Amino acid sequence: MPSRMRLVGYRPDPPVGDAFTVTGFAGAGFPEQATLRDLVTPAQPYLAGTGMVRGEQQRRHSYWLRYLRRRGGPTGPKRVCVDLLVRFTTFDYVPADVGAGPASSRQAALASFPCWGVADLSVSPHAVTAGRNPFNKFNEVGSLVFTARLEAGHGTMPAVRVGYRVHHERTTVDGVPLTPEHDEVGSFLVHSDGLFEVADRSLETRTHFLVTPVDAGVHDRPSVPPADARRPGGARPVWHATGLTAAPAEPAAPRLTPYADDTVVVTGFDGLDGPQTLTVRDAAGEQRTAMLDPAAPEPGALLLAYRADRGPGRAGHVRLLLAFRFTMHRFLVAPPGVDRGTAHRPPGDDAHVDAYYGDDPTADREAWPVLWHRGRRHTGLRQVALLVSGADGGPGPQAVRNSTGSWTRLVLTPDWEPGGDDHPPRLRIGWHASHQDDTGAVEGRLAFDVDSAGRPTLTPLDDESRRRFTVTG
């Protein structure tokens, strides 16, 4: 790869931990401008120097990465256990706007070169066990350090190689050696199609690291027509709302989906959709209808761990790993006079009725502005599900563990809080848990939201929820 193509934005994190430290990094990625020869190997000679810029498509990805060392083999007690999050965004490259003339023929030829890049790559420790990270049972002294570099040679596109270096010092207690000194190096690959994998199929890396997709999925690198290249002023317009209310119709009830084994019963849900339309107002008092855009879904997911300990002097605990999945959609603001369910077609016209935008087959939805509210883009939710992880066949660690021997029941119930002038409709999840050997049931609530950067979050709202739930993603 030409030397001018470099990783940008790389920032090492400060070490986390006491005797055993973990050092991650943040912000790494591809440059937003590059030539085609930097992105495609080999590139056609007459196209190699064509400038490429970041386009409008993007997708977020997150993986749960666990580093685990055991004493005395794969079934021995944990020595050091570190939980990490690997997060990044993939985006498309499009030809730079070169204007009219002979160069426009290059734009047409570039439709067969689908180029994607990686941005905002970070590897960071994530505490999931009693707030401690790393979990260091034998008080080992050592370190785990992650680095990143850009490299070619993986298909036709460059990738980011995430390297790691592990050092464990010898641990001796009362003259008895408990753990040996150990050094190890290895790496992972982050591809621009969303894949995060162990590099070179290293047996040692696969033995001590577990990769679990949280909000991730390998996607195609679709070619982008030249007309869709990003141009100055060519972005979709924005409509800033100062107030909004949800449509009076109640969202459809979700499907209750139980999971049951010998001692655990979990009642989750799926098929939940949020409000499809909103009534919005701007600073001038103009009122419009905002409608969910089903054509631009942004899939997302979080892992939610529920843990219940039996208390002092009582052995055993319950741990349930739940997958919270959803798709986010932007809202588009319809022109004045256009409303869902309003007829605008001439008599006798049997055009297909659009379930989301009403029955106007001539509406130019490509020109509708995107809804922003209180300084951020408001998103709607569809296909929300909260189920036991792995119920859909996905990979990952064991989802249900109950070493108490007594039965446990957990019920999860969604509800929507109506929107107002200062906030959009909000998804809240109530939970109710009961354990056979406890005197009474416990309950609490969780809040789903999207932060100012557009990243989905799930937050416990009370002390009991904070004590029992941990969110990963």
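Residues numbered from 1 in each chain as written. Predicted model: local features only at pLDDT ≥ 70, side-chain atom pairs only at ≥ 80, totals over all residues. Heavy atoms only, no water.

A. Representation of the overall build of the chain. Helices and strands together make up the secondary structure of the chain, namely 4 helices and 32 strands. Split into buried and exposed, the 473 residues of the chain put 46% on the buried side. By sequence separation, contacts in the chain at least 24 residues apart represent 68% of the contacts at least 6 residues apart. Of the roughly 22,600 Å² of accessible surface on the chain, a fraction of 51% belongs to carbon and sulfur atoms. (Helix = DSSP H or I, 4+ residues; strand = E, 2+ residues; numbered from the N terminus. Buried < 20%, exposed > 50% of the residue type's maximum accessible area, 1.4 Å probe, protein only. Contact = heavy atoms within 4.5 Å. Areas by Shrake-Rupley, 256 points an atom, 1.4 Å probe, with all protein chains shown as cover.)

B. Region of the structure containing the packing of aromatic side chains. Scanning all chains against the criterion turns up 15 aromatic pairs. Aromatic side chains Tyr-164 and Phe-209 sit 4.7 Å apart centroid to centroid with 55 degrees between the ring planes, which places their arrangement in the tilted category. One end of the pair, Tyr-164, is in strand β10 (residues 157-168); the other, Phe-209, is in strand β15 (residues 209-215), with 45 residues separating them in the sequence. The burial state of Tyr-164 is the same as that of Phe-209; both residues are buried. Three or more aromatic residues link up through ring pairs in this structure, and these residues are Tyr-63, Tyr-67, Phe-88, Tyr-164, Phe-188, Phe-196 and Phe-209. Looking at Arg-409, its charged tip hangs above the ring of Trp-407, at a distance of 4.3 Å from the centre. (Phe/Tyr/Trp six-rings, centres within 6.5 Å; stacked < 30°, edge-to-face > 60°. Lys NZ or Arg CZ within 6 Å of the ring centre and 35° of its normal.)

C. Representation of the pattern of salt bridges in the model. Applying the stated criterion across every chain, the model contains 18 salt bridges. In this structure, Arg-467 and Glu-464 form a salt bridge, with 2.7 Å as the shortest nitrogen-oxygen distance. Here Arg-467 and its partner Glu-464 are both found in helix α4 (residues 463-468), 3 residues apart, which amounts to about one turn of the helix. Among the charged side chains, a network of salt bridges with common partners joins Asp-415, Glu-417, Arg-428 and Arg-445. (Salt bridge = Lys/Arg side-chain N within 4 Å of Asp/Glu carboxyl O.)

D. Quick look at the pairing of strand β7 (residues 115-125). Counting buried positions along β7 yields 9 of 11 residues, so the element is predominantly enclosed. Pairing of strand β3 (residues 25-28) with β7, which is carried by 2 bridges, proceeds in the antiparallel orientation. The residue of β7 that forms the bridge with Phe-25 is Val-123. In terms of strand pairing, strand β6 (residues 78-95) meets β7 through 9 bridges, oriented antiparallel. The partner of Asp-92 across the bridge, within β7, is Trp-116. (Pairing = 2+ DSSP bridges.)

E. Local environment of the pairing of β3. With 2 bridges connecting them, strand β1 (residues 11-12) and β3 associate as antiparallel partners. Residue pairing in the sheet places Pro-12 in a bridge with Phe-25 of β3.

F. Spatial organisation of the side chain of Thr-35. With respect to the secondary-structure elements, Thr-35 resides in strand β4 (residues 33-35). On the basis of relative accessible area, Thr-35 is assigned to the buried category, the value being 17%. A distance of 2.9 Å separates polar atoms of two side chains, one belonging to Thr-35 and the other to Asp-38. (Polar contact = N/O pair within 3.5 Å; in protein donor to acceptor, adjacent residues only side chain to side chain.)

G. Quick peek at unusual backbone geometry. Unlike most non-glycine residues, Asn-139 shows phi in positive territory, near 50 degrees. Inspection of the secondary structure puts Asn-139 in the loop between β8 (135-136) and β9 (142-154). Accessibility expressed as a relative area gives 60% for Asn-139, which makes it exposed. In this structure, Gln-383 is a non-glycine residue whose phi angle is positive, near 55 degrees. Residue position: Gln-383 is located in strand β26 (residues 379-388).

H. Representation of the nonpolar core. Grouped together as the largest cluster of nonpolar side chains are 41 residues, with contacts concentrated most on Leu-121, Leu-144, Phe-146 and Phe-188. At 7 residues, the largest contribution of residues to this core is made by β6. When sequence neighbours within four positions are dropped, the list of residues in contact with Leu-144 reads Phe-20, Thr-21, Val-22, Thr-23, Tyr-67, Tyr-164, Arg-165, Val-166 and Phe-209. Counting 39 residues, the second-largest nonpolar core is a separate cluster that includes Val-264, Ala-323, Val-400 and Leu-412. (Core = buried A, V, L, I, M, F, W, Y, C linked by side-chain atoms within 4.5 Å.)

I. Fine view of the confidence of the model for the chain. Mean pLDDT over the chain stands at 79; residues scoring 70 or higher make up 78%. The low-confidence segment residues 222-234, where pLDDT is below 50, has 20 contacts with residues more than four positions distant or belonging to other chains. A low-confidence stretch, residues 341-359 (pLDDT under 50), is modelled with 36 contacts involving residues beyond four sequence positions or located in other chains. (pLDDT = per-residue confidence, 0-100.)

J. Structural context of the environment of Ala-34. For Ala-34, the location among the structural elements is in strand β4. Distance from Ala-34 to Gly-51, taken between C-alpha atoms, is 5.9 Å for residues 17 residues apart in sequence. Every residue in contact with Ala-34, bar those within four places of it in the chain, is listed here: Met-5, Leu-39, Thr-50, Gly-51 and Met-52.

K. Up close: the environment of Thr-212. Within the secondary structure, Thr-212 is located in strand β15. For Thr-212, a relative accessible area of 3% gives the class buried. Expressed as a C-alpha distance, the spacing of Thr-212 and Ser-62, which sit 150 residues apart in the sequence, is 9.0 Å.

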